[in-house]
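Now for the letters of each chain:
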Amino acid sequence: MIDTAFLITAFVTMFVVIDPIGLAPLFVALTQGIPPRARRAIALRACAIGMLILVVFALFGEAVLGFIGISMPAFRVAGGILLFLTALDMLFERRTKRREDQSDSAEAEDDPSVFPLAIPLIAGPGSIASVILLTGQAPGAEGLALVLAITALVLCVCLGLFLAAGMLEQALGKTGITVVTRLLGMLLAALSVQFVLDGLRDFGFVTG
């Protein structure tokens with residue numbers, strides 16, 4: 001019998017942690033200047049890779065990290081550092097400059113689908129820890145299937161918002177996108193620091 005309370009709790013948990021609404025303007029900022037067809041491919045690839053990673057952790061949990069000797073606090077710290085580097089790119093428009101340099105060469109355009117969209121924004125420490133916790137609360141094949149179905153539903157919402165990013169970009173305009181990019185860069189920097197602090201707190205280096 002399906003536990004309705006668990007379904008609601010799991011959906012709310014994954015929706016809040018992954019935050020599709022918050023990721024939509026970030027997707028616009030990260031894919032600024034990319035053609036619509038390539039942007040759709042990036043959206044599909046980011047959600048597919050994020051789902052694959054979350055499936056792996058739902059199936060094997062902490063054993064995946066433990067097998068290679070990585071603790072969840074260490075994963076949080078590493079994810080925070082990587083996210084901070086992306087925040088710097090957004091704040092100082094390094095990503096835009098790289099695209100301008102690459103437009104005169106045969107190199108592929110900067111692709112944010114794997115990093116930072118799939119990892120760590122979609123499949124980050126929070127969502128990974130959440131699927132591990134939820135599968136622990138509902139053990140067995142049925143519980144695993146429910147958690148994966150809920151995660152897939154949240155990522156479908158995320159994909160839908162990504163695919164509608166073009167309309168959002170048109171509504172904001174070039175100036176609006178620049179403002180949003182800088183603002184999200186600041187928020188990402190703060191989020192990355194929080195990831196690091198959470199990891200250090202779990203290690204016992206930071207209190208409070």
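Residues numbered from 1 in each chain as written. Predicted model: local features only at pLDDT ≥ 70, side-chain atom pairs only at ≥ 80, totals over all residues. Heavy atoms only, no water.

Visitor: Outline the side chain of serine 130, supporting the account with residue identities and numerical values.
Guide: As for its position among the elements, serine 130 is in helix H8 (residues 125-137). With near-sequence residues (within four places) excluded, serine 130 lies in contact with Thr13, Met14 and Val17. (Helix = DSSP H or I, 4+ residues; strand = E, 2+ residues; numbered from the N terminus. Contact = heavy atoms within 4.5 Å.)

Visitor: Would you mind going over unusual backbone geometry in detail, with residue names and values included?
Guide: Residue proline 116 follows phenylalanine 115 across a cis peptide bond; omega there is 10°. Counting through the fold element by element, proline 116 comes out in helix H7 (residues 113-122). The step from isoleucine 119 to proline 120 runs through a cis peptide bond, and the omega angle for that step is 5°. Although it is not a glycine, aspartate 19 sits at a positive phi angle of roughly 55°. Relative to the elements of secondary structure, aspartate 19 occurs in the loop between helix H1 (4-18) and helix H2 (20-30).

Visitor: Mind laying out the packing of H2 against helix H10 (residues 165-203), listing which residues take part and the relevant values?
Guide: Contact geometry of H2 with H10 gives a least axis separation of 8 Å together with a crossing angle of 95°. Here H2 is positioned roughly perpendicular relative to H10, judged by the angle of their axes. Across from Ala24, Pro25, Leu26, Phe27, Val28 and Ala29 in H2, the residues of H10 making contact are Ala165, Leu168, Glu169, Ile177, Val180, Thr181, Leu184 and Leu188. In the contact of H2 with H10, the residues fall into 12 nonpolar, 1 polar and 1 charged. (Axes fitted to C-alpha atoms, helices over the stretch in contact; angles between N-to-C directions. Parallel < 35°, antiparallel > 145°, perpendicular 65-115°, else oblique. Nonpolar A, V, L, I, M, F, W, Y, C, P; charged D, E, K, R; others polar.)

Visitor: Give me the lowdown on the nonpolar core, citing residues and values where you can.
Guide: By size, the foremost hydrophobic cluster in this structure holds 50 residues, and its most contacted members are Leu23, Leu26, Leu117, Leu121, Ile122 and Phe162. The contact partners of leucine 23, leaving out residues within four places of it in the chain, are Ile18, Leu121, Ile122, Cys158 and Phe162. (Core = buried A, V, L, I, M, F, W, Y, C linked by side-chain atoms within 4.5 Å. Buried < 20%, exposed > 50% of the residue type's maximum accessible area, 1.4 Å probe, protein only.)

Visitor: Which residues make up H10, and what are the values?
Guide: When the terminal C-alpha atoms of H10 are compared, their 39 Å separation across 39 residues is substantially less than the 57 Å that a helix rising 1.5 Å per residue should span. Looking at the residues trailing H10, positive phi occurs at glycine 204, about 95°. (Expected span 1.5 Å × (residues − 1).)

Visitor: How would you summarise the packing of helix H5 (residues 72-91) against H8 if you had to cite specific residues and measurements?
Guide: The N-to-C vectors of H5 and H8 enclose an angle of 155°; their axes lie 10 Å apart at closest approach. Viewed along their axes, H5 and H8 adopt a mutual orientation that is roughly antiparallel. Residues Met72, Phe75 and Arg76 of H5 pack against Pro125, Ile128, Ala129 and Ile132 of H8. Taken together, the residues of the contact of H5 with H8 break down into 6 nonpolar, no polar and 1 charged.

Visitor: Run through the environment of methionine 167, naming residues and quoting values.
Guide: Looking at where methionine 167 falls in the secondary structure, it is placed in helix H10. Taking the C-alpha atoms as reference points, methionine 167 and valine 28, 139 residues apart in sequence, are found 9.8 Å from one another.

Visitor: Any details on the confidence of the model for the chain? Residues and values, ideally.
Guide: When pLDDT is averaged along the chain, the result is 83, and 88% of the positions lie at 70 or above. Under a pLDDT of 50 for its full length, residues 102-109 has, in the predicted model, 8 contacts with residues more than four places off or in other chains. (pLDDT = per-residue confidence, 0-100.)

Visitor: Provide a residue-level description of the pattern of salt bridges, including the pertinent values.
Guide: Taken as a whole and assessed by the stated rule, the structure comprises 2 salt bridges. Aspartate 111 serves as the salt-bridge partner of arginine 45, at 2.8 Å between the closest nitrogen and oxygen. Of this pair, arginine 45 sits in helix H3 (residues 36-60) while aspartate 111 sits in the loop between helix H6 (94-102) and H7, placing them 66 residues apart in sequence. (Salt bridge = Lys/Arg side-chain N within 4 Å of Asp/Glu carboxyl O.)

Visitor: Outline a nonpolar patch on the surface, listing residues and values.
Guide: Nonpolar side chains collect at one region of the surface, where Ile81, Leu82, Leu85, Val114, Phe115 and Ile119 lie side by side and expose about 470 Å² of accessible area between them. Contributions of two or more residues to the nonpolar patch are made by H5 and H7. Along the chain, the position of leucine 85 falls in helix H5. (Patch = residues over 30% accessible without salt bridge, like charges linked within 9 Å, V, L, I, M, F, W, Y side chains within 5 Å. Areas by Shrake-Rupley, 256 points an atom, 1.4 Å probe, with all protein chains shown as cover.)

Visitor: Account for H3, with residues named and values stated.
Guide: For H3, which comprises 25 residues, the first-to-last C-alpha distance of 36 Å matches the rise-based estimate of 36 Å (1.5 Å per residue) to within 8%. Listed in full, the buried residues belonging to H3 are Arg39, Ile42, Ala43, Ala46, Cys47, Gly50, Met51, Ile53, Leu54, Phe57 and Ala58. At the exit of H3 stands glycine 61, carrying a positive phi of roughly 55°.

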